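Take a look at the letters that make up each chain.
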Amino acid sequence: MKIKILFITIWTIVGPLVFAQENIPVIKATSKYVKVKVGKELNKNRWIISPETNPDIYETSALGKKVTFITDKEKISVKIKYEL
């Protein structure tokens, strides 16, 4: 009985950590304009960062492609996958 209670207690503490949501990537920028590269196609000033919106979302239909966001400070690439 003690083992069962110990297991439930440990699972209650560790369980949420195991199934925690991934961290959302954050990009650094001083300019509000972002270049977006989808596959090999580069679009300048395609997206405007809105710090007031949390999270700021870029919508795309580039399923299965790599999308790269390029600011004046850094760039971040993500592969687009379908999730509910």
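Before going into details, it helps to say that this report is about the structure given with it.

Definitions and limits used
- Residues numbered from 1 in each chain as written.
- Predicted model: local features only at pLDDT ≥ 70, side-chain atom pairs only at ≥ 80, totals over all residues.
- Heavy atoms only, no water.
- Helix = DSSP H or I, 4+ residues; strand = E, 2+ residues; numbered from the N terminus.
- Buried < 20%, exposed > 50% of the residue type's maximum accessible area, 1.4 Å probe, protein only.
- Contact = heavy atoms within 4.5 Å.
- Areas by Shrake-Rupley, 256 points an atom, 1.4 Å probe, with all protein chains shown as cover.
- Pairing = 2+ DSSP bridges.
- Axes fitted to C-alpha atoms, helices over the stretch in contact; angles between N-to-C directions.
- Polar contact = N/O pair within 3.5 Å; in protein donor to acceptor, adjacent residues only side chain to side chain.

**As for the overall build of the protein**
Right, on to step 1. In terms of helices and strands, the protein carries one helix and four strands.
Right, on to step 2. Secondary structure elements of the protein, listed N to C terminal, follow the sequence α-β-β-β-β.
Right, on to step 3. Burial status across the protein gives 15% buried among its 84 residues.
Right, on to step 4. Expressed as a percentage of contacts within the protein between residues at least 6 apart in sequence, the contacts between residues at least 24 apart total 39%.
Right, on to step 5. About 7700 Å² of surface is accessible on the protein, with carbon and sulfur atoms providing 58% of the total.

**So, the sheet that holds strand β1 (residues 33-38)**
Consider a sheet: its strands pair through backbone hydrogen bonds, and that pairing is either parallel or antiparallel.
Right, on to step 1. Overall, antiparallel pairing links the four strands, which are arranged β2-β1-β3-β4 in an open sheet. Only two strands of the sheet have a single partner each, and these edge strands are β2 (41-48) and β4 (75-79). Within this sheet the neighbouring strands show an average axis-to-axis angle of 25°, counted without direction.

**Some words on the pairing of β1**
Right, on to step 1. The alternating pattern of β1 places Val34, Val36 and Val38 on a buried face and Tyr33, Lys35 and Lys37 on a face that is not buried.
Right, on to step 2. Bridging between β1 and β2 involves five bridges; their strand directions are antiparallel. Following the sheet pairing, Val36 is matched in β2 by Asn43.
Right, on to step 3. Counting the residues between successive antiparallel strands, the hairpin from β1 to β2 contains two residues, one of them, Gly39, with a positive phi of roughly 65°.
Right, on to step 4. Of the strand pairs in this sheet, β1 and strand β3 (residues 66-70) are connected by four bridges, and their pairing is antiparallel. Its bridge partner lying in β3, Lys35 is registered against Ile70.

**Observations concerning the side chain of Thr68**
Right, on to step 1. Here Thr68 lies in strand β3.
Right, on to step 2. By relative accessible area, which is 7% here, Thr68 ends up buried.
Right, on to step 3. Here Ser77 takes part through its side chain, which lies 2.8 Å from a polar atom of the side chain of Thr68.
Right, on to step 4. Once residues within four sequence positions are removed from consideration, Thr68 is found in contact with Lys35, Val36, Lys37, Lys75, Ile76 and Ser77.

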